[in-house]
Amino acid sequence: MAAQTATTEVLRALNALYQGTSAEEREQANSWLQQFQRTTEAWGTADAILGSDAGIEAKVFAAQTLRAKIMADFSELSAEGASSLRDALVEQLRTGAARPVVTQLVLGLADMAVQLEDWADPMSDVVTALGDTANGMSVVVEFVAVLPEEALNERIAMDNAAWSRRTEALLGQRGGDVAALLARCLGTAELREARARVLGCLASWVRHGDMTLAQVQGAGLAEQALAGLQGNADEAEAAADAVCALIWETRADNDDDAETAAVKDTLVQQLAQGLAASETQHAVAESESWRVLAEAGEAWVGRIVADAARFAGVVQGLVECMRHGEREAVAMTFTFWDELADRVLETASCDPARRALSGVYAGLVDAAAAQLRYPDDTMTAEERDIFREFRHGVGDVLKASVRVCGAGTALGRAYALAAQPDALWQDAEAALFAVRAMGAEIPPDEEEVMPQVMDLLPRLPPHPRLRYAATLVIARYTEWTRSHAQYVPFQLDFIAAGMSDADVAAASAQALKFLCMDCAPLLATHWRDLLHVFGAARDDDAVDVAVALAHVAAAAPDAAAAIEAFSVPLGSELGTLVQGALDNAACSRAALLLDRLGAFLRYVDAPDSAADLVARIVADAWPLAHALLHRVPADTHVSESASKFVRVLVEFYSSALRGVVPQVCDAVAVAFEQTGLDVYLWLARRIVAVAPSLAVDETAALQLAATLMDRLSAAALPRFEHSFSEAPDTTEEFFRLLQRALEQAPSIVAATPTFPAVFRAAIAALTVNSLHAQLAVLRAWVQMLAPARRHIRLRLDHTRASPDAYPLPTIVSLCAENGFELARALLLGLLGAFDREVSPEAADALASLAASDALPSSAICDWAAAILPDIPDSRMPPREKHLFASQLAELVQARMWPRLKTMLLDTAAACWRRSRALEL
């Protein structure tokens, strides 16, 4: 494509992208432009567009293209071409351009500086070329600011050795020069508008460790950064970044020498005084001041405990932030208050700092309660979620307050707020939330305030929010109630009354569950009353109530009667439903009954006197679940509930179920064969996981599990015929089942008729485009291949609880037939197709294949040589393919498998960086 033609085509595509009338037209244009960026012609075309009179969109695209090419394809340029491009970029910056274009050009120039080793002193050259005007010096500062950041840019395709050399040449020992440059800029009136950019540069160099605190102090930059907090919004934000970076570097370190420690102490004093002055002058950007204070608190927490008076201004500023700050600012202080509490508690109880800070934490309770208050305005659902999360963060601060100032003091202040006679419901509710949040730190024997709190609850105004909060207080303090049995009748009545209130029912069910879990012996004689509560519970809350009843029934003096009174009516109603017509309403009701009975059986720890009864209940319940699975396996409610119910039976009542285990496995297989629902694969995995306990003869139990796996495989594989990506959830569940089956009974599973087809399907499944499905498939491959490595196989055979051994001959045979396809799928996926998060599993699987006894050592190298040409050069240039092949051969021959896995991961990361760099 001729240069002029290429430029015309790019401009036409950009016009379609930004001005196109249809989504299809814009998508086509975007795809074409992305492909064009990967060509060698893109260098010259982008340079030509920058030098033309094209519009801003075209020039931004050209600048972005050059930067992407510099990051990903810099090796395409000759030494002369690289120098020419560098000079062209500098000239573009010197003559001036729109701000978005300048940003991209500066980044591209910095990325070039990182890679172009022949460029001896990029910083000095750019200062010389551009520093003779105010605008040019502003660009110089921007270039200097991004150098440390781009030196760490993982999207730059560069090997580690070259990177180390270049970053040392660019950044090593240059902090003093940069500090002097920034001080000169901050003292130049013509650069007043660029102060934010200069302070941002300071933050960048300090944050990346390329400018020392002594250099900062010597150039007077700390004063300038503090002064910037009083500037306009942009300057204040940049100044806050710079001050935060300085504060972080002043953290005390045991490895500091005397000179470094002295510099830090001097700078800490200067910053602390400056922050106090900033607070008294009411900085324009108040939120930035809060941010700086939060950073100071975290960095100086040890100093604060050692000398509380010296840093009283910082601590008081953070208290004021908690009291008056916006939620985002308040959230910044959460870590500080927790860490400060930890440090305070390390000091002696008579330490003056501990006494002083105990008073701070006591006052913090009032400030935190103010932040917990519901806003007067109506909130959206999203705002409610954010507020709920924020409240839990404030709750952690309150826990810290209890730890420091004591349970009585902290609880007393929250109680006083809740007990105010004329308090608005928002204030009382916030105080009750504070009481609940402190619960984890309140001892069960607290006698000073908690009785007053419990006495207060029934006297609160009848507002639904207050009732809800009071109910959750009861739920949080059930361990305290266990030591104060006199409150059980009141709490039970309070909870029962709330079950009929739609606004409070969910909280009441939760409270009842925790009350019964922690106070079952105290409620043992109340189980009949609880049956009435259960009968009145809403469908959504009945499972929590069933769990509550399970704990009480097991503790009852007549446990068998209690267990029977709860479970038999559920079973009877379920049996009646099963015998009738199962329409939608009947299926929904049956699912609810299964959920309740399953929850009860899951948590009832029946005494020996009731063991036979429970076994009979289980024996009677399975036929009902079986009938539902047989009649309506495709019903959404029944399939989910029946599967969860059967899971409870096999995991908690395996001995009672042994006589019908073949029937259970058959029912699950038939249900999946008829419906293809993922939940049956999930249930099968739970059955396989406990297979050894489902029969007296463990080998027979494993054979049942393998047969179940075989039947499910035969039913599942046809469903993947078109594409695994069309059924990612089914793919995930199937291969998680396969992994577990291979873990439990590898040779028996490998001997099943469907296993060769499963092996081949697992290769095809590596193309699935879902993260979780990819992870499941790769973990199944690791389970199949890792034991083919002799040392792993021997270790597993020695430690395996199961009598089944690894089926090496079967794996050898299948790898001999399908090894190339497997290696191809793994290598192409690792170097491009897989989600980056699964790279460790992919590398593990590929390394296991290379290291396995199933293949000759040269096979993986020969296959890689055939596969590498299929990887696009834009993702992996030819020289890197050659390097990969030689490193692979070297590591395989030396049998250095850990290093092979590391090499695979490094190569995958380089390919990922190159791909990211070329994104439009």
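The structure presented is a predicted model; accordingly, all values stated were derived computationally and were not measured. (Residues numbered from 1 in each chain as written. Predicted model: local features only at pLDDT ≥ 70, side-chain atom pairs only at ≥ 80, totals over all residues. Heavy atoms only, no water.)

The next subject is the overall build of the chain. Per the secondary structure count, the chain includes 50 helices and 0 strands. A principal-axis box enclosing the C-alpha atoms of the chain has dimensions of 95 × 80 × 60 Å. For the chain, the residues scored as buried account for 53% of the 920 residues in total. Excluding contacts between residues fewer than 6 apart, the proportion of contacts in the chain whose partners are at least 24 apart in sequence is 74%. With the model as given, the accessible surface of the chain reaches about 39100 Å², and the carbon-plus-sulfur share is 50%. If you average the places of the 76 positive and of the 122 negative side-chain charges in the chain, the two averages end up 2 Å apart. (Helix = DSSP H or I, 4+ residues; strand = E, 2+ residues; numbered from the N terminus. Buried < 20%, exposed > 50% of the residue type's maximum accessible area, 1.4 Å probe, protein only. Contact = heavy atoms within 4.5 Å. Areas by Shrake-Rupley, 256 points an atom, 1.4 Å probe, with all protein chains shown as cover. Lys, Arg positive; Asp, Glu negative; His and termini not counted. Charge placed at Lys NZ, Arg CZ, Asp CG, Glu CD.)

A few words now on the state of the cysteines. Evaluated as defined, the whole model comprises 0 disulfides. Left without a disulfide partner, C861 is nearest to the cysteine sulfur of C815, which lies 16 Å away. (Disulfide = S-S within 2.5 Å.)

With that settled, the discussion passes to the confidence of the model for the chain. Detailed reading of predicted coordinates is not advised where the pLDDT is low. When the pLDDT values of the chain are averaged, the result is 90; 96% of them are 70 or greater. The low-confidence segment residues 280-284, where pLDDT is below 50, has 9 contacts with residues more than four positions distant or belonging to other chains. (pLDDT = per-residue confidence, 0-100.)

Pairing between side chains of opposite charge can happen when the charged atoms of each approach one another. Applying the stated criterion to the full structure yields 42 salt bridges. In this structure, R403 engages D342 in a salt bridge whose closest nitrogen and oxygen atoms are separated by 2.1 Å. A residue pair is termed long-range when its members are at least 10 positions apart, and R403 in helix α22 (residues 381-405) and D342 in helix α20 (residues 334-345) qualify at 61 residues. By relative accessible area, which is 34% here, D342 ends up partly exposed. A salt bridge links R711 to D666; its shortest N-O distance comes to 2.6 Å. With R711 in helix α40 (residues 698-716) and D666 in helix α38 (residues 661-675), this residue pair connects regions lying 45 residues apart in the sequence. Each of R67, D111 and E150 takes part in salt bridges that share partners, so that together they form one network. (Salt bridge = Lys/Arg side-chain N within 4 Å of Asp/Glu carboxyl O.)

Moving on: the side chain of T907. Along the chain, T907 falls in helix α50 (residues 897-917). Every residue in contact with T907, bar those within four places of it in the chain, is listed here: L831, M876 and F884.

The next thing to look at is the nonpolar core. Core analysis: the biggest nonpolar cluster contains 342 residues, and W300, W337 and W781 have the highest contact counts within it. No other element matches the 11 residues that helix α46 (residues 808-833) contributes to this core. With sequence-adjacent residues up to four places away left out, W300 is seen in contact with I247, T250, V268, L271, A272, L275, F311 and V314. (Core = buried A, V, L, I, M, F, W, Y, C linked by side-chain atoms within 4.5 Å.)

A few words now on the side chain of Q744. Relative to the assigned elements, Q744 resides in helix α41 (residues 728-744). Within the structure, the side chain of Q744 is placed 3.3 Å from the backbone oxygen of V688, a separation counted as a polar contact. (Polar contact = N/O pair within 3.5 Å; in protein donor to acceptor, adjacent residues only side chain to side chain.)

The next point concerns the environment of M112. Position of M112 among the secondary structure elements: in helix α6 (residues 99-115). Taking C-alpha positions, M112 is 54 Å from V404, a pair spaced 292 residues apart along the chain. With residues near it in sequence (within four places) discarded, M112 still touches I70, F74, A82, L85, R86 and L89.

One pass over the structure, following the stated rule, counts 17 aromatic pairs. Ring geometry for F534 versus F566: centroids 5.0 Å apart, planes at 70°, classification edge-to-face. Pair noted here: F534 is in helix α31 (residues 527-536) and F566 is in helix α33 (residues 559-579), with a separation of 32 residues, a long-range link. The class of F534 is buried, set by a relative accessible area of 10%. (Phe/Tyr/Trp six-rings, centres within 6.5 Å; stacked < 30°, edge-to-face > 60°.)

This part covers the environment of A591. Among the secondary structure elements, A591 is positioned in helix α34 (residues 584-603). Look at A591 and you get buried, because its relative accessible area is 4%. Setting aside residues up to four positions removed in sequence, A591 forms contacts with H637, V638 and S641.

In this section: the packing of α41 against helix α43 (residues 755-764). The relative placement of two packed helices comes down to the angle between their axes together with the axis-to-axis distance. In the contact formed by α41 and α43, the axes pass within 12 Å of each other and the chain directions differ by 125°. Relative to α43, α41 is oriented oblique. The chirality of how α41 crosses α43 is left-handed. Contacts between α41 and α43 involve F734, F735, L738 and L742 on the former and, on the latter, F755, V758, A761 and A762. Of the residues assigned to the contact of α41 with α43, the class counts are 8 nonpolar, no polar and no charged. (Axes fitted to C-alpha atoms, helices over the stretch in contact; angles between N-to-C directions. Parallel < 35°, antiparallel > 145°, perpendicular 65-115°, else oblique. Left-handed = near helix turned anticlockwise from the far one by under 90°. Nonpolar A, V, L, I, M, F, W, Y, C, P; charged D, E, K, R; others polar.)

Right, let's get into unusual backbone geometry. The phi dihedral of Q173 falls on the positive side, at around 60°, and the residue is not glycine. Inspection of the secondary structure puts Q173 in the loop between α9 (160-171) and α10 (175-186). A relative accessible area of 73% means that Q173 is categorised as exposed. We note that R895 has phi near 55°; this positive angle belongs to a residue other than glycine. With respect to the element layout, R895 can be found in the loop between α49 (878-894) and α50.

All right, on to α49 then. The first and last C-alpha atoms of α49 sit 24 Å apart over 17 residues, in line with the 24 Å expected at 1.5 Å per residue. Every buried residue belonging to α49 is among E880, K881, F884, L888, L891 and V892, and all of these are buried. Down the axis, α49 shows its buried residues gathered within 100° of arc, on one side only. Facing away from the buried side of α49 by over 90 degrees, the exposed positions are P878, R879, H882, E890 and Q893. Directly beyond the C-terminal end of α49, a positive phi value near 55° is found at R895. (Expected span 1.5 Å × (residues − 1). Arc of directions from axis to C-beta.)

For helix α2 (residues 23-37), with 15 residues, the first-to-last C-alpha span of 21 Å sits near the 21 Å given by 1.5 Å per residue. Here α2 has its buried residues at A29, N30, L33, F36 and Q37. Taken around the axis of α2, the buried residues stretch over an arc of 125°, which confines them to a single face. Away from its buried face, by an angle of more than 90 degrees, α2 presents the exposed residues A23, E24, E27 and Q28.

A separate point is the packing of helix α23 (residues 407-418) against helix α24 (residues 425-437). At their nearest, the axes of α23 and α24 sit 8 Å apart, and the two run at 155° to each other. In terms of orientation, α23 lies roughly antiparallel with respect to α24. Between α23 and α24 the crossing geometry is left-handed. Residues L411, A414, L417 and A418 of α23 touch α24, and the partners they reach there are A428, A431, L432, A434 and V435. Looking at the contact of α23 with α24 residue by residue, the classes come out as 9 nonpolar, no polar and no charged.

Moving on, we come to the environment of A715. Of note, A715 is situated in helix α40. Here A715 falls in the buried class, since its relative accessible area comes to 16%. Put simply, A715 and A68 are 647 residues apart on the chain and 48 Å apart in space, counted from C-alpha to C-alpha. Setting aside chain neighbours within four positions, we find A715 in contact with F672 and E673.

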